[in-house]
Amino acid sequence: MHVLRRTTVATTVMLAAMSLGACSSSGSVSDSAKDKIPINRANWPAEVPASGLVKGLELPLESYLPSYADQVAVDTALRTLQTRCMAEYGLTVDLPRPGANPPPHSNAVSIERRYGLSDRAQAQKHGYGLPKELTRSLESVEKGLSGIEVEVLTGRKKPEFAPPRSAEGSEGHFGRVPEPARAEHNRKKLHVGGCAGWSKRRLKVNEEDAGFVSRLASTSLSESRPLKPVEKALKSWSACMKDKGRKAADPYRAMEQGYADGDGTTKNAIELALDDIDCKKQTRLIEVWFQEESAIQKRLIEENKDQLAALKKRMSEALEAAKAVK
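These lines cover the structure that appears in this document, whether it is placed above or below. Here the structure is a predicted model, which means the values were calculated and not measured.

The topology assignment puts Lys280 in helix 11 (residues 267–283). For Lys280, a relative accessible area of 1% puts it in the buried group. Discounting chain neighbours no more than four positions away, the residues touching Lys280 are Leu53, Tyr115, Gly116, Leu117, Trp237, Pro251, Leu285 and Ile286.

Next up on the list: the state of the cysteines. Tallied over the full model, the rule gives two disulfides. One disulfide bridge connects Cys85 with Cys195, the sulfur atoms lying 2.0 Å from each other. Across the disulfide from Cys85 to Cys195, rotation about the S-S bond amounts to roughly -75 degrees, and the bridge is consequently left-handed. One end of the pair, Cys85, is in helix 3 (residues 68–87); the other, Cys195, is in helix 7 (residues 194–203), and 110 residues separate them in sequence. The buried category is assigned to Cys85, whose relative accessible area is 1%. On the basis of relative accessible area, Cys195 is assigned to the buried category, the value being 0%. Paired by a disulfide, Cys240 and Cys279 hold their sulfur atoms 2.1 Å apart. Residues Cys240 and Cys279 share a disulfide whose torsion about the S-S bond is about -80 degrees; that sign makes it left-handed. In this pair, Cys240 is assigned in helix 9 (residues 228–243) and Cys279 in helix 11, connecting sequence segments 39 residues apart. Sequence-ordered numbering of the bonded cysteines in the protein chain gives a pairing of 1-2, 3-4.

Moving on, we get to the nonpolar core. Leu61, Ile111, Tyr115, Tyr128, Trp289 and Leu308 are the most contacted members of the largest nonpolar core, which totals 43 residues. Going through the elements one at a time, helix 8 (207–224), helix 9, helix 10 (251–259), helix 11, helix 12 (285–303) and helix 13 (305–323) are the ones with two or more residues in this core. Top contributing element to this core by residue count: helix 11, with seven residues. The residues contacting Ile111, other than those within four sequence positions of it, are Pro49, Val54, Leu57, Glu58, Leu59, Glu62 and Phe290. Ranked by size, the runner-up nonpolar core spans 24 residues in total, among them Val150, Leu153, Leu319 and Ala322.

Turning to the packing of aromatic side chains, a few remarks are in order. Summed over the entire model, instances satisfying the criterion amount to three aromatic pairs. On the basis of an interplanar angle of 90 degrees and a centroid distance of 5.1 Å, the ring pair of Trp44 and Tyr68 is categorised as edge-to-face. Residue Trp44 is found in the loop between helix 2 (32–35) and helix 3, and its partner Tyr68 is found in helix 3; the two are separated by 24 residues along the sequence. With a centroid separation of 5.1 Å and 35 degrees between ring planes, the pair formed by Tyr115 and Trp289 is classed as tilted. Here Tyr115 is found in the loop between helix 3 and helix 4 (120–126), whereas its partner Trp289 is found in helix 12, with 174 residues between them in sequence. What makes Trp289 buried here is its relative accessible area of 1%. The structure contains a cluster of three or more aromatic residues connected by ring pairs, namely Tyr115, Tyr252 and Trp289.

Rules of the game
Sequence order as written defines residue numbering, which begins from 1 separately in each chain. Per-residue local features are limited, in this predicted model, to residues with pLDDT of at least 70; the limit for side-chain atom pairs, both in listing and counting, is 80 or more; totals at the level of whole chains, interfaces and linings are taken over all residues. Just so you know, side-chain values use all the structure's heavy atoms and leave hydrogens and water out. Going along the chain from the N terminus, every DSSP run of H or I of four or more residues is numbered as a helix, and every run of E of two or more is numbered as a strand. The rule is simple: take the accessible area with a 1.4 Å probe, protein chains only, and divide by the maximum for that residue type; under 20% is buried, over 50% is exposed, in between is partly exposed. Here, two residues are considered to be in contact whenever any of their heavy atoms come within 4.5 Å of each other. For this text, the term disulfide refers to a pair of cysteine sulfurs within 2.5 Å. Nine residue types can take part in a nonpolar core, namely buried Ala, Val, Leu, Ile, Met, Phe, Trp, Tyr and Cys, and a core is a set of them joined through side-chain atoms within 4.5 Å. When the centres of two rings from Phe, Tyr and Trp lie within 6.5 Å, Trp using its six-membered ring, the rings pair. Their planes under 30 degrees apart give stacked, over 60 give edge-to-face, and anything left gives tilted.

Below, the structure is given as structure tokens:
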């Protein structure tokens, strides 16, 4: 799939959130006082975009991914179980509060940026970048925990963090693959996968489900790209950009240019982003691409209907189990 790595940071993190539960980026470090403050759901991403060129659009595979509200419910239950588990090892931790720092998109499909930028109002303010409040979800939970806390929580040693090599909107990246954790702490054997693994088994959260849906979505995007209607729309978009003095073969290349001189929010990046979106509107690029990809996804759903039906059943069961955790 030809997608610039910088543009997929939010997608990758959201996928990790669905896979890792309360070890995810759905909140910020909290304390007992903060726990009593109601979560501001107004900041949560809309399940279906309410503005921009993707307003009202939802790809078929999105129905096989949990809504953000459901994911927060599962993460909250996982957080409760993990906190109790950590206490059994004599560790008191304040894990992320699900829903406090929402991600920019409601699920791993990230339709708002799937075909490049789509919202002119946001681009006018932030160019190709994201509002600062939406980048907090990219912060690593483990970075704020001690070494032993990470081991008991995850079943592996705390990873090494290195400073980012370029402005990519992240706080840093992992070095080499972390080593397995010690066998026990305070004379108590560590769970396989730590307290995080134990909590997910309690709720029967299947970590592979979100990855399976994401792989199907990746297939549909890559298969739709060379289709004639999409190719024609891309050529029209590129011609439109050329008329504006821009040179880009597709929206991903435009994004690359937008990030070339910084974090995507410079004056030049904003001007480029606005031209990008205006040309998408003029050529109906997103509308055409969405229609072609939707058709492919419907085929993929039919081809994988049994596995997807089982996946949806597991999602429902995990949600019910999460609601039972008090």
